[in-house]
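Structural features, examined
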Amino acid sequence: MRSVLAAVLVITVVTTVHAQTRPGGKFGFSYPNFAAGAMTPEQFVTDFAALMHNPSAFNGWITAGKDPRRLNPGGIYLKHINVRSRQASQPSTAIEGRPTLAQVQAVNPSWILKDAVGNPVILFGIPGEYMLDFGNSAYLDWIVNTWMPTQLFDGLENAPGTVTWFMHDVGSFVRMYTNCALSDAACNRYNTDEGVISAWEALLAKFKARWPNKKIVINSGPLSYVPVADQMAVFQRVFVKTDGYYGETLTNNGAYWDTRPNPEKRLALLTTMQLAS
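Model, not experiment: these values are computed from the prediction.

Definitions and limits used
- Residues numbered from 1 in each chain as written.
- Predicted model: local features only at pLDDT ≥ 70, side-chain atom pairs only at ≥ 80, totals over all residues.
- Heavy atoms only, no water.
- Phe/Tyr/Trp six-rings, centres within 6.5 Å; stacked < 30°, edge-to-face > 60°.
- Helix = DSSP H or I, 4+ residues; strand = E, 2+ residues; numbered from the N terminus.
- Buried < 20%, exposed > 50% of the residue type's maximum accessible area, 1.4 Å probe, protein only.
- Lys NZ or Arg CZ within 6 Å of the ring centre and 35° of its normal.
- Core = buried A, V, L, I, M, F, W, Y, C linked by side-chain atoms within 4.5 Å.
- Contact = heavy atoms within 4.5 Å.
- Polar contact = N/O pair within 3.5 Å; in protein donor to acceptor, adjacent residues only side chain to side chain.
- Disulfide = S-S within 2.5 Å.
- 1 Å grid on protein atoms, 1.4 Å probe; cavity = no way out; pocket = protein on both sides within 12 Å on 5 of 7 lines; lining within 4 Å.
- Points joined across faces, edges and corners; volume = space filled by probe spheres on them.
- Nonpolar A, V, L, I, M, F, W, Y, C, P; charged D, E, K, R; others polar.
- Pairing = 2+ DSSP bridges.
- Axes fitted to C-alpha atoms, helices over the stretch in contact; angles between N-to-C directions.

1. Observations concerning the packing of aromatic side chains
The full count for this structure, using the stated rule, is 16 aromatic pairs. With a centroid separation of 5.5 Å and 70° between ring planes, the pair formed by Phe 134 and Trp 200 is classed as edge-to-face. In this pair, Phe 134 sits in the loop between β5 (129-131) and α6 (137-152) while Trp 200 sits in helix α9 (residues 193-210), placing the two residues 66 residues apart along the sequence. Overall, the relative accessible area of 0% leaves Trp 200 in the buried class. Consider the rings of Phe 235 and Phe 239, whose centres lie 5.3 Å apart with planes at 5°: the pair is stacked. Residue Phe 235 and its partner Phe 239 are both found in helix α10 (residues 228-239); the two are separated by four residues, about one turn of the helix. As far as burial versus exposure is concerned, Phe 235 and Phe 239 are alike and both buried. The ring centre of Trp 211 lies 3.9 Å from the NZ or CZ of Arg 210, which sits over that ring. Lys 214 extends its terminal NZ or CZ atom over the ring of Phe 153, reaching a point 4.6 Å from the ring centre.

Put into structure tokens, the structure is as follows:
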């Protein structure tokens, strides 16, 4: 379902990019993974003006001198990043665009959130997905000033004035439910919706101030248990600071709420329609 949604939602953004030269814009492709010889990079950028990059295919095209961002400078070719959390077993930053445990620990171990008994806070119960203090000003300074230019960006992204696109994952704006120590302000911040939302705002503000030539969208989606108006108020507050929205799901197929009662599915779909409009 992810590829369908990208085709539907990214086309709205691409229409803006091409509006003066190509009425109607062009479709996007969420995660190209072509068999050998199925489609050349030149053919791809002719048909698709957007993608959420498959790291191996993307890097292979770049190595071969067929970088889609150079073949179609007006395209929206999204590089995956996630500075909100990191996998304990992740070996490097090359695949998923996130700092490693060793990198964070070497600079400031306190940026890895801990619960009341000293265990790393696990994001949404995902095994090994450690939560970072991603609204911390010092952490964000290190991310945008040191980690991004030395660990995330490639040659094109480091070129002054070049417009490149990024997709930040894990776009959830609701509170955690962590057993935090009462004295741990960092941990307790993310136990409130406001703390999570303000952390996103701090991240986006820091990214935009440091890299005004770079574009960022957030991978997010609707909820089936929060009123539409309440969800839209949060989406409007956060997405106004971004360059777009990458939807995780378009219908209930493949969504976490696929097994929920019909009224809950309807609520999530109505929220999606509000986002689209």
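Here the narrative resumes.
2. Things to note about the nonpolar core
Counting residues in hydrophobic clusters, the biggest one holds 44 residues, and the most contacted among them are Tyr 139 and Met 148. Those elements that place two or more of their residues in this core are α5 (101-107), β5, α6, α9, β7 (214-220) and α10. Per-element accounting of this core gives the leading share, eight residues, to α6. Beyond its immediate stretch of four places on either side in the chain, Tyr 139 contacts Val 83, Pro 99, Trp 111, Leu 132, Asp 133 and Phe 134. Core analysis: the next-biggest nonpolar cluster, separate from the first, contains eight residues, Met 52, Leu 78, Trp 165 and Met 167 among them.

3. Concerning the side chain of Arg 98
Looking at the element boundaries, Arg 98 is found in the loop between β4 (85-87) and α5. Here Glu 129 takes part through its side chain, which lies 2.7 Å from a polar atom of the side chain of Arg 98.

4. Concerning the state of the cysteines
Overall, the coordinates contain one disulfide when judged by the stated rule. Between the sulfur atoms of Cys 180 and its disulfide mate Cys 187 the distance is 2.0 Å. The disulfide joining Cys 180 to Cys 187 has a torsion of about -70° about its S-S bond and is therefore left-handed. Comparing Cys 180 with Cys 187 shows no difference in burial state: the two are buried.

5. Details of empty space enclosed by the protein
Across all of its chains, the model carries two cavities of 30 Å³ or more by this definition. In this structure, the second largest cavity spans a volume of roughly 50 Å³. Considering the residues around the second largest cavity, the lining is formed by Arg 69, Pro 73, Gly 75, Tyr 77, Val 163, Thr 164 and Trp 165. The residue inventory of the lining of the second largest cavity, partitioned by class, reads four nonpolar, two polar and one charged.

6. Some words on the sheet that holds strand β2 (residues 48-52)
Strand-to-strand pairing in sheets goes through backbone hydrogen bonds, with the strands running parallel or antiparallel. Strand order in the open sheet formed by six strands is β1-β2-β3-β6-β7-β8, and the pairing between neighbours is parallel. Unpaired on one side and paired on the other, β1 (27-29) and β8 (245-247) mark the two borders of the sheet. Sheet twist, expressed as the mean angle between neighbouring strand axes with direction ignored, is 25°. Note: β1 against β2, three bridges, orientation parallel.

7. Description of the layout of surface pockets
When its volume is computed, the largest pocket comes out at roughly 660 Å³. The wall of the largest pocket is formed by 27 residues, among which Gly 171, Ser 172, Gly 221, Pro 222 and Leu 223 lie closest to the centre. Among the secondary structure elements, those contributing two or more residues to the lining of the largest pocket are α9, β7 and α10. Broken down by element, the lining of the largest pocket gets its largest block of residues, four residues, from α10. Tallied by class, residues from the lining of the largest pocket come to 14 nonpolar, eight polar and five charged.

8. Let's talk about the environment of Ala 88
Residue position: Ala 88 is located in the loop between β4 and α5. Each C-alpha atom, one on Ala 88 and one on Gly 128, is 5.1 Å from the other, the two residues being 40 residues apart in sequence. Aside from chain neighbours lying at most four places away, what touches Ala 88 is Gly 128 and Tyr 130.

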